[in-house]
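# Remarks on the overall topology
Residue-level listing of the chains:
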Number of protein chains: 2
Amino acid sequence: MNEFELIRTYFAREPVTRPDVALGIGDDAALLRPPPGQQLVVTTDILVSGVHFLPDVDPAALGHKALAVNLSDLAAMGAEPAWFLLNLALPEVDQAWLTRFCQGMFELAHRHGVALVGGDTSRAPQVTIAIEAHGFVPDGKALTRAGARPGDHIYVTGSLGDAGLALKYRLDKLKLTPVELNAVAECLDRPQPRLEEGLVLRDIASSAIDVSDGLVADLGHILERSGVGARVELKRLPLSVIYRAHLKDVGWDLALANGDDYELCFTVPPANLPALEKIKSRFPDMAEIGMIESGSGLRIFDADGKLYAPKAAGHDHFR
Amino acid sequence: MNEFELIRTYFAREPVTRPDVALGIGDDAALLRPPPGQQLVVTTDILVSGVHFLPDVDPAALGHKALAVNLSDLAAMGAEPAWFLLNLALPEVDQAWLTRFCQGMFELAHRHGVALVGGDTSRAPQVTIAIEAHGFVPDGKALTRAGARPGDHIYVTGSLGDAGLALKYRLDKLKLTPVELNAVAECLDRPQPRLEEGLVLRDIASSAIDVSDGLVADLGHILERSGVGARVELKRLPLSVIYRAHLKDVGWDLALANGDDYELCFTVPPANLPALEKIKSRFPDMAEIGMIESGSGLRIFDADGKLYAPKAAGHDHFR
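Nothing here was measured: the structure is a model prediction, and the numbers come from that model.

Turning next to the interface of chain B and chain A. The interface is formed by 68 residues belonging to chain B together with 68 residues belonging to chain A. Overall, the association of chain B and chain A removes approximately 5500 Å² of surface from exposure, summing both partners, and the carbon and sulfur fraction of that is 55%. Counting across the interface, chain B meets chain A through 8 salt bridges. Salt-bridge contacts for R8(A) lead to E224(B); the nearest nitrogen and oxygen are separated by 3.4 Å.

Given below as structure tokens:
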């Protein structure tokens, strides 16, 4: 199978077609029609075997996740997703692997109506994936990291730390029951980008970020870009029943600093709290964890009101 | 140096600012304003150490080339370049290497007014670069691979095969004088994307492609997508003086099938030949190499009018 057959067989017959794709896979570049009056939102993430995922990962989970982490960035901007490009470098053409990879990737693409419009394939010593995702947001409506103000309430969607539990299990550092493992593995392998939440939060949140590097690091980005500080209470962190059952063993740091959660962390000005209340019937999964304050830096308080210092500060590839 | 310092130090102070970048590096995604009435042109290429370039390559040349190959794809569509994103995976943070890499990349970006608006960095066992470039083209004006018709004349910009000569030298398979090496190494290390030619050819050419995989493969893509055949004459291939001096040793195949030339191959309908003549004062470097015919496939003829069959068909990572 050569490079062109590979593209034809696996990538050029993907399930999503969109009228705004004038020319997709198969030329020197894709031709796309962004909607008038909207800003284009563009993000990219690279995943390397042995760095971002274990070499024996289920390829369907990998295909899902490689796209999901990019859609999660769009969600954090309040963007509506539209198109993506795929760079895929592989040690060899393993057709069973590719079939599963595409299954996972295109299933998620289909769910959100995102079309694969281009990319590149290559040989490499280890599997490497770089996806770039495009979306739209009405002019001036994007959620950035820079809008948090003192007095804003801080929220997180879903729960934190379950992906960390699954990773700890796979690295043989934690025991889980099969039922527990099933639940948390889903969080690690198939994170669901919070795209609907992002759209709704456009008119409610003052800032947002997705929790990919861990809450401490990612909320830290909001604080830095917004020029504010914050206080967060450990007891308010949204933890799953499974995490709570293992809290004594694993402590708070998987929830605070492991990352890979792909939940949204966002801030809401007091004036918008009634609007947030209204959407909670649709999105009950949003927990208030603290407040934005003047000053700088993040202070975390335990149940006794004492300052808590997490051991790890978040994921950093070059530290 | 951590990941965020690395981005701040090397990538967030790049030389190009554009009014159509609402938000660049530093958030979950970039916010961009495509011009109304134009199509967005998007392309991406991945380069892996040991596959696309030698591990001891000059990092400035690599920075240049990683961006150049993407701009070359935009040129082949007749697009005006605007923005790019950079995925960069490295075994370690080598500051001297990064400084040189950025020098090469940003020099080219500056020359064409292209702004770096986002990206991702990671650790990886070997240097891996995936760049994604964005440009614009007025609706309906893009040069695709699908427009060639029987009777169209086939042209190539610049000369073919010099990058192949340089590679052969570096692999110890060819001797060159220092002066020769200097000239051909420039073609391999610092290909100049034919962006101006692409813009002008919008109203002249019926199809275009950039010669990245070799003329035989790339012209082959035009023939396949256009549903036509072609004849090309060896004696008309644009070869440099240096290539001609080594023609007896290296034969025609470096010019036909090595790739890495990043010239444009394009077709011109007879009615547009006068328009092509007019631009030749600005772009004298365009050689007619053959004709589009009905049928399918590429036939190459030598000086005696005999069919010539190249030994290699072009670059393919998975063959």
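Turning our eyes to something else, we now look at the relation of the copies chain B and chain A. Between the two copies, chain B and chain A, the superposition gives an RMSD of 0.0 Å; the rotation angle is 180° and the shift along the axis is 0.0 Å. Expressed as a symmetry operation, the mapping of one chain copy onto the other fits a two-fold axis.

Residues and elements named next belong to chain A. Enumeration over the complete set of coordinates arrives at 0 disulfides over all chains. In this model C265 remains outside any disulfide bridge; the closest cysteine sulfur is found in C187, 17 Å from its own. C265 gets classed as buried once you look at its relative accessible area, which sits at 0%.

Quick look at the packing of helix α5 (residues 178–189) of chain A against helix α8 (residues 241–250) of chain A now. All names here are of chain A. Between α5 and α8, the least distance of the axes is 10 Å, while the angle of their chain directions is 115°. Accordingly, the angle class assigned to the pair α5 and α8 is roughly perpendicular. For the pair α5 and α8, the sense of crossing is left-handed. In contact with E180, A183 and V184 of α5, α8 contributes I242, A245 and H246. For the contact of α5 with α8, a count of residues per class yields 4 nonpolar, 1 polar and 1 charged.

With that settled, consider the pattern of salt bridges. Pairing is possible between side chains that carry opposite charge, provided their charged atoms lie close to one another. All told, the structure shown has 32 salt bridges over all chains when counted by the stated rule. Close ionic contact of R299(A) with E293(A) constitutes a salt bridge, the shortest N to O distance being 2.9 Å.

Calculation rules
- Residues numbered from 1 in each chain as written.
- Chains lettered and ligands numbered in written order.
- Predicted model: local features only at pLDDT ≥ 70, side-chain atom pairs only at ≥ 80, totals over all residues.
- Heavy atoms only, no water.
- Contact = heavy atoms within 4.5 Å.
- Buried area = accessible area lost by both parts, 1.4 Å probe.
- Salt bridge = Lys/Arg side-chain N within 4 Å of Asp/Glu carboxyl O.
- Least-squares fit on C-alpha atoms with pLDDT ≥ 70 in both.
- Disulfide = S-S within 2.5 Å.
- Buried < 20%, exposed > 50% of the residue type's maximum accessible area, 1.4 Å probe, protein only.
- Axes fitted to C-alpha atoms, helices over the stretch in contact; angles between N-to-C directions.
- Helix = DSSP H or I, 4+ residues; strand = E, 2+ residues; numbered from the N terminus.
- Parallel < 35°, antiparallel > 145°, perpendicular 65-115°, else oblique.
- Left-handed = near helix turned anticlockwise from the far one by under 90°.
- Nonpolar A, V, L, I, M, F, W, Y, C, P; charged D, E, K, R; others polar.

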